[in-house]
Amino acid sequence: MELELKLALPVQDPGGLEKQLARCALIGRRKPKRQQLHNVYYDTPDHALQKMAVALRVRRISGKGAPHWVQTLKIGGASDSAFSRRGEWETPNPRGTLDSAMLSDTPWMDRDRDGALFQALSPVFTTDFERLSWVVKLQDGAVEIALDRGQVLMDGHSTPLCELEIELLEGAPEAVFEAAFQIGLQLSLLPLHMSKAERAYRLAEGTLDAPLRARPPALSKDMAFSTVVQTVLRESFLQFTANLYTLRISDAPEVLHQARVGWRRFKSALKLFKQSGGESGAPGMDLLKPLLSDMTRLRDLDVAASEVFPAHAEAFQNGDARHVRSWRAMEETLEQERQQLRAALRQLLADPAVGRTLLQITRWLETGAIDLPGVPHPHKKRSVSDWVRKRITQLVEQLQAIPAHAKDPVQQHQLRILSKRLRYGVENLRALLPQKRAERWLQTATQTQTRIGITRDRLQAIAIAQRLQAADGVVQFLRGAAFAGNPGPG
């Protein structure tokens, strides 16, 4: 079984990483093992291995002495966390070509009893990278730390590769996180859920930089309560960190939006799973506040630029040259501010304090340290489904206690927050809820959230136009459009 923590390195100069790592007390005085690795991955034309969460490769290792080859089979390790647990079978391969005999004593045989799958295999992508590695002993065990820099190539496309892998060699999984935390004192490390194989497949599909949207957690009514909690929290935290990783290089507003959705879902689930007044037991998250604040500010700018303003641009300009100039001036100023804020956001992603906080949360989720003391563990007479239904019903009652079309700003804010919490709660726990009621609750929450959200987006856009010192006519027009109930962005 391979236990490995995969980490992205959001740095501007990958070439300088070796020097930066040399300043880390954990490995600074150790000479790294230096190897050049060329890997050929195999699959069927319809990517059957990818669908089964199986990776099969032949690796050429060049370093000191003559090159040699190994064949590796990996099974499992669904990409729902930076910390993976996979079955791994590695065999020396003197010929350097794929050999079915080397799979005979592995779980491959359960998947390919007649050999037809193996016969359909062919090379599908390659990875080429330099690996610097260190073996380090810690109090909880021994780990191998590997810095990989190179590229992934598939179907004529390529993408850079720069990541840190920390693999447990012996001892407890905590050793992996302790090593990462010590390196994170010097470098920013972002949890990375994608394997090299998944990166190649997404490269070929053109989805490498696509936003990761919420996915229903795989829940069942016979799960232990702790497993339900871990599954829901892991999925939402993955949505957050995966989109943060993409945010390093993508300007797409939807990537930022999905990162914020992931964080809100994570915080909402924490609140749901603890009783009123109880502590969540999660690591401190205060060091993320500057990052989250800038994400909110940039999201408001993105919505104004890509949704609210375009909905009213034509009506305001109406062929009037002066209006056209006023509108374009506002758009140019807005775009400058978006670029500046996006650059500041990426600087925060390179802050080691942010990376350490994300690592602490990952460790909490992955090593069995989740502790929600406010939540009673269901006993035989009270199932997990009963507990979940009661908590969601409480949210519904809180939402219904506020007038649906309240004009008071405080009540509107409460409606917005409660509708989001209800929506995320139902989406996350739908498998444990009565179907018809869940559909009704989800519809109510979504409609309320959307209605209030549109009003908020319009008001934020007006405030942004004022702050950008847009021409008076622009601000007045936007205010009139908003309060006249003109159609806004959907």
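Structural notes, computed from the coordinates.

Conventions adopted
Residues numbered from 1 in each chain as written. Predicted model: local features only at pLDDT ≥ 70, side-chain atom pairs only at ≥ 80, totals over all residues. Heavy atoms only, no water. Helix = DSSP H or I, 4+ residues; strand = E, 2+ residues; numbered from the N terminus. Buried < 20%, exposed > 50% of the residue type's maximum accessible area, 1.4 Å probe, protein only. Contact = heavy atoms within 4.5 Å. Areas by Shrake-Rupley, 256 points an atom, 1.4 Å probe, with all protein chains shown as cover. Lys, Arg positive; Asp, Glu negative; His and termini not counted. Charge placed at Lys NZ, Arg CZ, Asp CG, Glu CD. Salt bridge = Lys/Arg side-chain N within 4 Å of Asp/Glu carboxyl O. Core = buried A, V, L, I, M, F, W, Y, C linked by side-chain atoms within 4.5 Å. Axes fitted to C-alpha atoms, helices over the stretch in contact; angles between N-to-C directions. Parallel < 35°, antiparallel > 145°, perpendicular 65-115°, else oblique. Left-handed = near helix turned anticlockwise from the far one by under 90°. Pairing = 2+ DSSP bridges. Phe/Tyr/Trp six-rings, centres within 6.5 Å; stacked < 30°, edge-to-face > 60°. Lys NZ or Arg CZ within 6 Å of the ring centre and 35° of its normal.

**So, the overall build of the protein chain**
Right, on to step 1. Within the protein chain one finds 15 helices and nine strands.
Right, on to step 2. By principal-axis analysis of the C-alpha atoms, the protein chain measures approximately 75 × 65 × 50 Å.
Right, on to step 3. Classification of the 490 residues of the protein chain by burial places 51% in the buried group.
Right, on to step 4. Considering only residue pairs separated by 6 or more positions, the protein chain has 69% of its internal contacts joining residues 24 or more positions apart.
Right, on to step 5. Roughly 23,500 Å² of accessible area belongs to the protein chain as shown, and the carbon and sulfur atoms make up 49% of that amount.
Right, on to step 6. Counting 67 positive and 55 negative side-chain charges, the protein chain places the averaged centre of each group 5 Å from the other.

**Overview of the pattern of salt bridges**
Right, on to step 1. Counted by the stated rule, this structure contains 37 salt bridges.
Right, on to step 2. For Glu-366, the salt bridge goes to Arg-234, with nearest N and O atoms at 3.0 Å. Of this pair, Glu-366 sits in helix H11 (residues 352-366) while Arg-234 sits in helix H7 (residues 225-247), and the two are 132 residues apart along the sequence.
Right, on to step 3. In this structure, Asp-294 engages Arg-297 in a salt bridge whose closest nitrogen and oxygen atoms are separated by 3.1 Å. With Asp-294 and Arg-297 both in helix H9 (residues 289-317), this residue pair falls three residues apart, about one helical turn.
Right, on to step 4. Looking at Asp-294, the relative accessible area reads 11%, which means it is buried.
Right, on to step 5. When salt bridges with common partners are traced through the structure, they connect Glu-2, Glu-4, Lys-6, Lys-74, Arg-86, Glu-88, Arg-131, Asp-148, Glu-163, Glu-165, Lys-196 and Arg-199 into a single cluster.

**Let's talk about the nonpolar core**
Right, on to step 1. Of all hydrophobic cores here, the largest spans 97 residues; its most connected members are Phe-266, Phe-309, Ile-392 and Leu-429.
Right, on to step 2. Considering every element that reaches this core, the biggest residue donor is H9, with 11 residues.
Right, on to step 3. Within the second largest apolar cluster, 31 residues are counted, among which are Leu-7, Cys-24, Val-176 and Ala-180.

**Structural notes on the packing of H7 against helix H8 (residues 253-272)**
Right, on to step 1. Interaxial distance between H7 and H8 falls to 8 Å at its minimum, and their mutual angle equals 155°. Judged by the angle between their axes, H7 and H8 are roughly antiparallel. Considering the relative orientation of H7 and H8, their crossing is left-handed. Here Val-232, Leu-233, Glu-235, Ser-236, Phe-237, Gln-239, Phe-240, Asn-243, Leu-244, Thr-246 and Leu-247 of H7 come into contact with H8, specifically with Val-255, Leu-256, Gln-258, Ala-259, Val-261, Gly-262, Trp-263, Arg-265, Phe-266, Ala-269 and Leu-270.

**Quick word on the pairing of strand E3 (residues 54-62)**
Right, on to step 1. Within E3, seven of the nine residues are buried, leaving the element largely enclosed by the surrounding structure.
Right, on to step 2. Here strand E2 (residues 33-43) pairs with E3 via seven bridges, running antiparallel. Following the sheet pairing, Tyr-41 is matched in E3 by Arg-57.
Right, on to step 3. The turn linking E3 back onto strand E4 (residues 68-76) is made up of five residues, and Gly-65 within it adopts a positive phi angle of 85°.

**Notes on the environment of His-312**
Right, on to step 1. By secondary structure assignment, the location of His-312 is in helix H9.
Right, on to step 2. On the basis of relative accessibility, which here comes to 7%, the residue His-312 falls in the buried class.
Right, on to step 3. Taking the C-alpha atoms as reference, His-312 lies 56 Å from Ala-120; in sequence the two are 192 residues apart.

**Digging into the packing of aromatic side chains**
Right, on to step 1. For the coordinates displayed, the defined rule picks out 13 aromatic pairs.
Right, on to step 2. Seen from their ring centres, Phe-237 and Phe-266 are 5.4 Å apart, and the 45° between their planes marks the pair as tilted. Taken together, the positions of Phe-237 in helix H7 and Phe-266 in helix H8 put the pair 29 residues apart, joining distant regions of the chain.
Right, on to step 3. What makes Phe-237 buried here is its relative accessible area of 5%.
Right, on to step 4. Look at Phe-240 and Trp-263: their rings are 4.9 Å apart centre to centre, the planes differ by 50°, and that puts the pair in the tilted class. In this pair, Phe-240 is assigned in helix H7 and Trp-263 in helix H8, connecting sequence segments 23 residues apart. Neither Phe-240 nor Trp-263 differs from the other in exposure class; each is buried.
Right, on to step 5. Between Lys-196 and the ring centre of Phe-129, over which it is positioned, the NZ or CZ distance is 5.1 Å.

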